[in-house]
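Inside the fold
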Amino acid sequence: MHSMSWEDTCFKLLNQTKLPCQVEYIQCQDYKIVADAIKRLEVRGAPAIGAAAAFALVLGARQIAMDHDFWDKFRNIAEELRQTRPTAVNLFWALDRMLSVSSRFVEKNDIQGLLDALEQEALSIANEDKTVNSRISAYGAELFTEPSAVLTHCNAGALATVGFGTALGVIRQAWSDGKITRVFADETRPLLQGARLTAWELMQEKIPVTLITDSMAGWVMKNKKVQAVIVGADRITLNGDVANKIGTYSVAVLAKEHGIPFYVAAPVSTFDFNMQTGQDIPIEERNSSEITSIAGVQIAPTGVDVYNPAFDVTPNEFVSAIITEYGAIRAPYTESVRRLQQKVKGES
Ligand code: MRU
């Protein structure tokens, strides 16, 4: 199962809003289709959003290749893509990478050279994500020293990435090493990424999964049914605060209360090295209908006031370790994240 594929003239996205009932791909030849797919969560998960936006920019550049005002239009397309979702920093990281490639072609006005280079860069972003997923999975699996049941929230699997996932990648690896006995998947209201996507992905791999509602997580911990929590992330700041799907913060607080390690698995592209703390992370608020309806069926009284933040921020003191492609880092995060940044800089 792949969240996306690139075939020269056509970009295909697995429509995640239709899962698990239908496996349907969206054919994208127009960057606007990708932009809408990101907004509608047809493609979702931080690394997948970044890669999809990169391919969208390739499509957009091709669409305007003959236009006399190419560069203005190109910058506008990039800006339009930046506006699709605000929280996952991978979106901006991927677009910035694409724009930095484009800067080499502006002076010569070499549009064909640009189109080729953009395609190569988007493919690199996608391929690197696969390698990064494997490295995170290997480092994460090392943290499990004895067979454990784990709890996860939202979907940080193959669907959320280009490879086989961050948090679910660790679970996959640890499962194949005999170190995971069962996964408890929070359903993840309002859009049910846990019930629809995580449960589906794990069942495909024959990894034992038990679906629970979000409100059951505390009771599952109290009854010692899980020995660790592992989740993905949408943005991690310099002090180690972690933005992830709404509900993650509650899970982290519960884990601390029950003495259970709370692990975050995320690539370096999810770190915002320009942001000091989680207080500055823009939190997406989505349409109230996501709360007042389930699968299109109204469940709340018409006109009720709704608050629908799509993400929350878990303060660093609740995070036992952040597993990256460079290894796991721990508190004090102001120091370990800086060291990580230095390592990344040293390699580029
Ligand atoms: O709104 P979504 O489904 O895009 O939110 C996704 C999450 O919060 C994931 O946990 C996060 O992006 C990590 S994916 C590897």
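Residues numbered from 1 in each chain as written. Predicted model: local features only at pLDDT ≥ 70, side-chain atom pairs only at ≥ 80, totals over all residues. Heavy atoms only, no water.

Regarding the site of the ligand
- Within the structure, the ligand sits among 19 residues, and Arg44, Arg85, Asp234, Asn244 and Lys245 are positioned closest to it.
- A distance of 2.7 Å is found between an oxygen atom of the ligand and a side-chain nitrogen or oxygen belonging to Asn244.
- At 2.7 Å, a side-chain N or O of Lys245 approaches an oxygen atom of the ligand.
- At the level of secondary structure, the elements contributing two or more residues to the shell around the ligand comprise helix 2 (46-63) and strand 9 (242-245).
- Taken together, the residues of the shell around the ligand break down into eight nonpolar, seven polar and four charged.
- Counting residues domain by domain, the shell around the ligand receives three or more from each of domain 1 (4-133) and domain 2 (134-347). (Near = heavy atom within 4 Å. Polar contact = N/O pair within 3.5 Å; in protein donor to acceptor, adjacent residues only side chain to side chain. Helix = DSSP H or I, 4+ residues; strand = E, 2+ residues; numbered from the N terminus. Nonpolar A, V, L, I, M, F, W, Y, C, P; charged D, E, K, R; others polar. Domains from an automatic or database assignment.)

Details of unusual backbone geometry
- Along the chain, Leu19 connects to Pro20 via a cis peptide bond; the corresponding omega equals 0°.
- Mapped onto the fold, Pro20 is located in the loop between strand 2 (10-14) and strand 3 (25-28).
- Not every positive phi belongs to a glycine, and Thr188 is a case in point at roughly 70°.
- Positive phi, normally seen in glycine, also occurs at Leu192, with a value near 65°.

Section: the sheet that holds strand 3
- Overall, antiparallel pairing links the three strands, which are arranged 1-2-3 in an open sheet. In this open sheet, the two strands that pair with only one neighbour each are strand 1 (4-7) and strand 3. Put simply, the sheet's adjacent strands are angled 20° from each other on average, direction ignored.
- With four bridges joining them, strand 2 and strand 3 adopt antiparallel strand pairing. By the bridge assignment, Lys12 is partnered in strand 3 with Gln27. (Pairing = 2+ DSSP bridges. Axes fitted to C-alpha atoms, helices over the stretch in contact; angles between N-to-C directions.)

A word on the sheet that holds strand 8 (residues 235-236)
- On the basis of which strands lie adjacent, the open sheet formed by three strands has the order 8-9-13 and antiparallel pairing. Looking at which strands have only one partner, the edges of the open sheet turn out to be strand 8 and strand 13 (311-314).
- Note that strand 8 and strand 9 share two bridges and pair antiparallel. Counterpart to Arg235 in the pairing with strand 9 is Ala243.

Looking at the domain arrangement of the protein chain
- We note that the domain assignment places domain 1 (4-133) and domain 2 (134-347) within the protein chain.
- Approximately 2600 Å² of surface area, both sides summed, lies buried where domain 1 meets domain 2, with 56% of it carried by carbon and sulfur atoms.
- Three residues stand out in domain 1 for area buried against domain 2, namely Arg44, Thr87 and Asn133, and they jointly supply 26% of the buried area on that side.
- Viewed at the interface, domain 2 and domain 1 are joined by one salt bridge.
- In this structure, Arg85 engages Glu284 in a salt bridge whose closest nitrogen and oxygen atoms are separated by 2.8 Å.
- In this assembly, domain 1 and domain 2 are joined by 28 residue pairs in polar contact (both at pLDDT 80 or more).
- Every element with two or more residues in the side of domain 1 that touches domain 2 is listed here: helix 2, helix 4 (90-102) and helix 5 (111-142). (Buried area = accessible area lost by both parts, 1.4 Å probe. Salt bridge = Lys/Arg side-chain N within 4 Å of Asp/Glu carboxyl O.)

Description of the nonpolar core
- Counting 49 residues, the largest nonpolar core has Met4, Phe11, Leu13 and Val34 as its most contacted members.
- Elements represented by at least two residues in this core include exactly strand 1, strand 2, strand 3, helix 1 (31-39), helix 2, helix 3 (70-82), helix 4 and helix 5.
- Ranked by residue count, the leading element in this core is helix 2, at 12 residues.
- In this view, Phe11 contacts Met4, Ser5, Trp6, Ile26, Gln27, Cys28, Val34, Ala52, Phe55 and Leu59; residues no more than four positions away in its chain are not counted.
- Membership of the second largest hydrophobic core comes to 32 residues, among which are Leu238, Phe318, Tyr333 and Leu340. (Core = buried A, V, L, I, M, F, W, Y, C linked by side-chain atoms within 4.5 Å. Buried < 20%, exposed > 50% of the residue type's maximum accessible area, 1.4 Å probe, protein only. Contact = heavy atoms within 4.5 Å.)

Observations regarding the packing of aromatic side chains
- In this structure the tally under the stated criterion is nine aromatic pairs.
- Plain terms: the ring middles of Trp6 and Phe11 are 6.0 Å apart, the flat faces sit at 55° to each other, and that makes the pair tilted. A single burial state applies to Trp6 and to Phe11, both of which are buried.
- Measuring from centroid to centroid gives 4.9 Å for Phe11 and Phe55, while their planes differ by 35°, and the two rings are tilted. With Phe11 in strand 2 and Phe55 in helix 2, this residue pair connects regions lying 44 residues apart in the sequence. (Phe/Tyr/Trp six-rings, centres within 6.5 Å; stacked < 30°, edge-to-face > 60°.)

Quick look at the pattern of salt bridges
- Inspection of every chain in the model, using the stated rule, returns 17 salt bridges.
- Look at the salt bridges and you will find they share partners, linking Arg85, Glu284, Arg286 and Glu290 into a network.

Looking at the state of the cysteines
- Tallied over the entire structure, the rule returns zero disulfides.
- Here Cys28 stays free of any disulfide, with the sulfur of Cys10 as its closest cysteine sulfur at 6.7 Å. (Disulfide = S-S within 2.5 Å.)

Some thoughts on the environment of Val106
- Summarising the element assignment, Val106 is placed in the loop between helix 4 and helix 5.
- Linking Val106 and Pro301, residues 195 residues apart in sequence, is a C-alpha distance of 54 Å.

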